[in-house]
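What the coordinates show
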Amino acid sequence: MLEVRELVKEYRPVAGESVRAVDEVSLSVGAGELVALYGPSGSGKTTLLELIAGVQRPDQGAVLVDGQEVAALDQRGLDRYRLFTLGIVPQSLRLVDGPTALDLAALRLTEQGLSWKAAHQRAMPLLERLGLRARADHQAGELSKGERQRVAIAMALSTQPRLVLADEPTGNLDTRRGQDVLSLLAEYSAEQGASLLLVTHDPQATHYAHRTLALHDGRLDASKAAPADPVPGPAS
Ligand SMILES: Nc1ncnc2c1ncn2[C@@H]1O[C@H](COP(=O)(O)OP(=O)(O)OP(=O)(O)O)[C@@H](O)[C@H]1O
Ligand SMILES: [Mg+2]
């Protein structure tokens, strides 16, 4: 489903040396597969996700989603790719005040053309599954960091995307909530046959992943790509 081929991205700051944030990375994530990507801060994880999402263009290499090269899409194609194929859980969520948690969870469904009412009806069970039932009518500004992160997950999954890119989705959550979110993501990819690439520092994540990859200074570390339990589920 997702295939990343020898991807290279260099940042050239105004002052100082250029940084090879992503350095010849190749990986693939199949349908129904959950792949965890570990790496220390600054190792290029967010840059890699942004290249896959088409937010940034690679200097070399290619991102293929169902055989379609992302960098070859025009703006309209990119918009459709992001709205219909992708679900993105960003590392930090900038939420504007005004809309409620439920409005936000329903937002992308309305962008897809669903009525406000139908979108809200579809988004509510997802919020409930994320433990946000009591927060559905609260404005984003009234939510804790962890609650906002769960709203971001609801936004990403609401449209039933075939490819989910999650950047530290458990970063602001305690162990218990982190486990809930990881098992929800694992269930989601298994149920929907969706490909899930999970960027994380959370050691719990490996128990939910089919495979775990490690990124260091923009390069995949083959020796750390240990096969994990083939059946995702919490560790005992
Ligand atoms: N816009 C930018 N301009 C210049 N350098 C950048 C830019 N964005 C990221 N970098 C550099 O590229 C490297 C990779 O950054 P990236 O944000 O992808 O890392 P990360 O693994 O997501 O880190 P973290 O775990 O802290 O989120 C870092 O050295 C960073 O300083
Ligand atoms: Mg990052």
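Residues numbered from 1 in each chain as written. Chains lettered and ligands numbered in written order. Predicted model: local features only at pLDDT ≥ 70, side-chain atom pairs only at ≥ 80, totals over all residues.

1. Some words on the site of ligand 1
- Tyr-11, Ser-41, Lys-45, Thr-46 and Thr-47 are the nearest of the 13 residues found near ligand 1.
- When contributions to the shell around ligand 1 are tallied by element, the ones reaching two or more residues are β2 (19-29) and α1 (45-52).
- Per element, the largest residue contribution to the shell around ligand 1 is 3 residues, and it comes from α1.
- Split into classes, the residues belonging to the shell around ligand 1 amount to 4 nonpolar, 8 polar and 1 charged. (Near = placed C-beta within 6 Å. Helix = DSSP H or I, 4+ residues; strand = E, 2+ residues; numbered from the N terminus. Nonpolar A, V, L, I, M, F, W, Y, C, P; charged D, E, K, R; others polar.)

2. Regarding the packing of helix α3 (residues 101-111) against helix α5 (residues 145-157)
- Relative orientation of the contacting elements α3 and α5 amounts to 30°, with a least axis distance of 7 Å. By the angle between their axes, α3 is roughly parallel relative to α5. Considering only the axes of α3 and α5, their crossing is right-handed. Contacts from Ala-101, Leu-104, Ala-105, Leu-107 and Arg-108 of α3 reach α5 at Val-151, Ala-154 and Met-155. (Axes fitted to C-alpha atoms, helices over the stretch in contact; angles between N-to-C directions. Parallel < 35°, antiparallel > 145°, perpendicular 65-115°, else oblique. Left-handed = near helix turned anticlockwise from the far one by under 90°. Contact = placed C-beta atoms within 7 Å.)

3. What about the sheet that holds strand β1 (residues 2-11)?
- Reading across from one edge, β2-β1-β4-β5 is the order of the 4 strands in this open sheet, with antiparallel pairing throughout. At either margin of the open sheet sits one strand with a lone partner, and together these are β2 and β5 (68-69).
- By the bridge criterion, 2 bridges tie strand β4 (residues 60-65) to β5 in an arrangement that is antiparallel. Each residue of the ladder has a partner; that of Val-65, found in β5, is Gln-68. (Pairing = 2+ DSSP bridges.)

4. Things to note about the nonpolar core
- Membership of the largest hydrophobic core comes to 64 residues, with the highest contact counts inside it found for Ala-105, Val-151, Ala-154, Leu-185 and Leu-198.
- Once residues within four sequence positions are removed from consideration, Ala-105 is found in contact with Ala-123, Leu-126, Leu-127, Val-151, Ala-154, Met-155 and Ser-158. (Core = buried A, V, L, I, M, F, W, Y, C linked by C-beta atoms within 7 Å. Buried ≥ 20, exposed ≤ 12 C-beta atoms within 10 Å, placed from the backbone.)

5. Here we look at helix α4 (residues 116-129)
- Given a rise of 1.5 Å per residue, 14 residues ought to cover 20 Å, and the 20 Å separating the end C-alpha atoms of α4 matches this to within 8%.
- Of all the bends in α4, the greatest, near 25°, is centred on Ala-123, and the proline Pro-125 appears no more than four residues after it.
- Taken together, the buried positions of α4 are occupied by Ala-119, Ala-123, Leu-126 and Leu-127.
- For α4, the elements touching its buried residues are α3 and α5.
- In the stretch just after α4, Gly-131 is the one whose phi turns positive, near 75°. (Expected span 1.5 Å × (residues − 1). Bend = angle between axes of the 7 residues up to and from the residue.)

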